[in-house]
Each structure stands twice: as C-alpha cells, then as structure tokens.
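# Understanding the architecture of this molecule
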Amino acid sequence: MGIGTVRRDADDGAAAERRREQRGWYFYDWACSVYSTSVLTVFLGPYLTSVAESAADADGFVHPLGLPVRAGSFFAYSVSLSVIVAVLAMPLVGAAADRSGRKKPLLAAAAYTGAAATTGMFFLDGDRYLLGGLLLVVANAAQSVAMMLYNAYLPQIAAPEERDAVSSRGWAFGYAAGALVLVANLVLYTGHASFGLTESAAVRICLASAGLWWGLFALVPLRRLRDRRAPAPESAAAGPGPGAALPGWRQLAATVRDMRRHPLTLAFLLAYLVYNDGIQTVISQASVYGSEELGLGQSTLIVAVLLVQVLAVAGALLLGRLARAYGAKRTILGSLVAWTVTLAAGYFLPAGAPVWFFVLAAGIGLVLGGSQALSRSLFSHLVPPGKEAEYFSAYELSDRGMSWLGPLLFGLTYQLTGSYRDAIISLVAFFVLGFLLLARVPVRRAIGDAGNPVPERI
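Let me sum up the structure you'll find in this document. (Residues numbered from 1 in each chain as written. Predicted model: local features only at pLDDT ≥ 70, side-chain atom pairs only at ≥ 80, totals over all residues. Heavy atoms only, no water.)

## What about empty space enclosed by the protein?
- In total, this model carries one cavity of 30 Å³ or more according to the counting rule given.
- Taken as a whole, the largest cavity holds about 390 Å³ of empty space.
- Lining the largest cavity are 28 residues, and of these T41, V282, I283, A286 and I364 lie nearest its centre.
- For the lining of the largest cavity, the elements supplying multiple residues, two or more each, are α1 (3-54), α6 (163-190), α10 (263-293), α11 (298-326), α12 (328-347) and α13 (354-381).
- When the residues that make up the lining of the largest cavity are grouped by side-chain class, the tally is 17 nonpolar, 10 polar and one charged. (1 Å grid on protein atoms, 1.4 Å probe; cavity = no way out; pocket = protein on both sides within 12 Å on 5 of 7 lines; lining within 4 Å. Points joined across faces, edges and corners; volume = space filled by probe spheres on them. Helix = DSSP H or I, 4+ residues; strand = E, 2+ residues; numbered from the N terminus. Nonpolar A, V, L, I, M, F, W, Y, C, P; charged D, E, K, R; others polar.)

Rendered as structure tokens:
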C-alpha cells in the first residue's frame, strides 16, 4: 500500500469522524431549542405576566425586593437580569474551557442546570411570580453558558468551507425540534379539559416538558463530541495564565482587551450584539405583544410560533444557500432589511386579527434561522485559534434570548407609555444600527487578521 493510499485512508477516516461529531453537535440544538421556543417564546411570557398580575396591587404593580415594578414589565426585566448573571459566568467558564481544553464537562453542567430549572417551572402557579422570575434567570443564564460552549465547537468540527452549511443545519435541527414539540403542546393546551387538566396545569406541563426534553437529548452531543487540548495561548495578551480565577467582569474585560488586538473581530461582534439584541427581544416579547396588545389567545400564539418554526427550518437552509452564492455578510445584511420591514409592519397590526399575525410570523420565520446561523458561522472565522470558548463567551452575551438592552428598552417603553406598540417599534433602532455597523466591517481582512484561512466566498 502506497503512502498516498494511506494518506487518503487517514483523510477519509478523519472526515468520517468529523461528520459523526457534526451530527452529534446538531443534536444539542435539537435538545435546547425547545426551551427557547416553548418556554421563552410561547408560554412563559404570557403565563408569568398573568401570575405577576395576580400578585399585583390595586395599581398593577408588584414589589420584588421592595421595588415597584409594573406587572406587565416583570417578564422583560427578568430576561434582562438573566444576562447580568450570564455576564459574570460566561467569560470565566469560557476562559477555563480554553485553558483546559475540556468543554464537555462544563457543557454538561450548564445544560443540566438549565434543564432542571426549566423542569421546576411545573411548580409555578398561584401568585408565585418571584419563583418564576428566579427559575427564568437560572434557566436563561445556564442556556447562555451552554450555548457559548456549544458554539465554540463549530471551528473545531467543521472546515472553513463547511461552516455556513453546518451552522445552518444546526439551526434547522433546532427549529424542527421546536415545531415538533409545539404540535404536542398545541394538542395538550387546546384539549386540556379533555385530559382532565386546568389551563394552568396544561401550561405548566408544557413548560416542564421542555426541561425534560432538553436533558434527555443533551445526552447525544455529550456522547459524540470530544474535547481537544487547545494550543498554547499567545503569551503577552492571552489574558490570565493557567490557574487564574478572575471574576466574570474582569475576565470579560481581559477577553475584550485581547480582542483589541483584532479590532475587526471586535467590530463584527459589536454589530452582531446590536442587531441580535433586536432579534432576541422580538423572540422573547412577541407572545406578550400578541396576547396583551393584539388580544390574541394562547392557541393562536402557539400556531403562529409553530409557523415560525416550520418556516425557520426552510429559511435557515435557504439563506445558507444564498450565502454560498452571495457571501454570508451580504446575506445577513439582506436579512436585517427584512427584519426592519417586518417589525415596522408589526406596529400596524390590527387587534384581534390572527390572519395578519400569521403573516407577520411567516416573515419572521423566513429570516430568523438564517440570520442567526450565518452570524454564528461568520464569527467562527474571526476567532483566533485556541480562543474559541473565550471569544464565543462574548458572542453569546446577546444570543438566544439572553440580550439585556432590548428587553430593558421594551420594558421601559411599556412602563413609560403603557403601549406595547410603542415598545415593539422601539426595537427598529437595533436593526438599523446593526446594519450600518456590519456594512463597515471588511470581513475578508478580518479573517486574515485573526490568523484563519479565508474562504473563497464569504
């Protein structure tokens, strides 16, 4: 057997192992996206708002820690608080993962913390709004840490020319799982009386089942993904050395200082943090807008989100194909234009008209998965080798519903105006500013400056 044959066999074996890891990696999106869909997007916002309203005083305020908070803003503020916890945890965990090369145990700890908190939402009833806020903060922060570690595997399991497709498939897996479980949720919720359940009990079962699903299917990536010893960090600017234990804020500052050596990577991250803050706020607050402002019932909201999930699978794959033809950056910019138009249209939706809400949901679904998947794959090209988890900790600050500024703006706008329409239209600023920032980033030069090979089309 010649040397060339041996090399080809080795390459084929490595490719087969890489594909096996990629298939396992997809399943974490399959596991955790049900939380993002069923819990964060559909059930928890309206349900926690109703629980807070039942505990409110005559003026419509609850008083967590003695602070007056309008009951309708409590959910948005809880989402914002979750990112404060995540900011303290993610940079520290990311740096530890890069130093040790052991992402998988940390991924397991974060995933099962989030799954346990979500399962505990079964006990959220009566006026236990504080319990709901606490479980939401824990689950969101754990999800943020877990997604940071999960995303950091992408540059290790996919070659540069594969990443747009691999990232898009991961998002498609997640949205497919979300759609599947939402069908089951819809059957349970709409037929709760025939199952001998109250409406509240049906919602709590839907919430808890998302945690059980998350924990069960997380076993697949935890079995297939493998840890790799990271390359030795660059000496002077690598941040803290082995054994250092910096608080989360200081570790984040150290990561940002290191990013200053790669200003174009930092410029892309800034653009992403802005426009994704808008995306994540729309995801987390859309059901509240539909129920409180448009007067739509829970069943209508479930069908709308189910429509988003189904079209997001197609949208993620479609935008992945467009990226191969036009490049990821141009495709993302086009999706931001679509987001702006869709959100502006949402301001004018008539109350009590589910058909128009479904049209809005269809528009969101077609751009949702693709804009997120391509942002993840594009950022993976901009990360210096050996710093994947640390850099993705900063990236993850605004991902998958963990944004803080968007929900804070949404909550404050509602608190000041009492109008959810004003709150939803305020989010247009994130997409416009994000577009302008991203358009200024020369991504090919940014990839080269990070020390990575530049794909033929990006």
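## Describing the packing of aromatic side chains
- This model, assessed by the stated rule, comprises 23 aromatic pairs.
- Ring geometry for F27 versus F173: centroids 5.7 Å apart, planes at 75°, classification edge-to-face. Taken as a pair, F27 in helix α1 and F173 in helix α6 lie far apart in primary sequence, 146 residues in all.
- With a centroid separation of 6.5 Å and an interplanar angle of 15°, the aromatic rings of F268 and Y272 are classed as stacked. Taken together, the residues F268 and Y272, both in helix α10 and four residues apart, mark about one turn of the helix.
- Through a chain of ring-to-ring contacts, the aromatic side chains of W25, Y26, F27, Y28, W30, Y150, F173, W213 and F217 assemble into a single cluster.
- The positively charged end of K103 is found above the aromatic ring belonging to Y153, 5.5 Å away from the centroid. (Phe/Tyr/Trp six-rings, centres within 6.5 Å; stacked < 30°, edge-to-face > 60°. Lys NZ or Arg CZ within 6 Å of the ring centre and 35° of its normal.)

## Focus: the layout of surface pockets
- Volume-wise, the largest pocket comes out at about 400 Å³.
- Lining the largest pocket are 14 residues, with P64, F74, Y77, S78 and L81 positioned closest to its centre.
- Elements that contribute at least two residues to the lining of the largest pocket include exactly α2 (74-100) and α4 (129-152).
- Element by element, the count of residues in the lining of the largest pocket is highest for α2, at five residues.
- Here the lining of the largest pocket is built from residues that sort into 11 nonpolar, three polar and no charged.

## So, the pattern of salt bridges
- Tallying each qualifying case throughout the model produces seven salt bridges.
- The residue R376 makes a salt bridge to D29 at a minimum N-O spacing of 3.7 Å. Of the two residues, R376 is situated in helix α13 and D29 in helix α1; the sequence distance between them amounts to 347 residues.
- What makes R376 buried here is its relative accessible area of 0%.
- Residue classification places D29 among the buried positions, given a relative accessible area of 0%. (Salt bridge = Lys/Arg side-chain N within 4 Å of Asp/Glu carboxyl O. Buried < 20%, exposed > 50% of the residue type's maximum accessible area, 1.4 Å probe, protein only.)

## Thoughts on a nonpolar patch on the surface
- Together, Y112, L216 and L219 give the surface a local cluster of nonpolar side chains, amounting to about 280 Å² of exposed area.
- Tracing the backbone through its elements, the reader meets L216 in helix α7 (residues 199-217).
- Exposure remark for L216: the relative accessible area of 51% places this residue in the exposed category. (Patch = residues over 30% accessible without salt bridge, like charges linked within 9 Å, V, L, I, M, F, W, Y side chains within 5 Å. Areas by Shrake-Rupley, 256 points an atom, 1.4 Å probe, with all protein chains shown as cover.)

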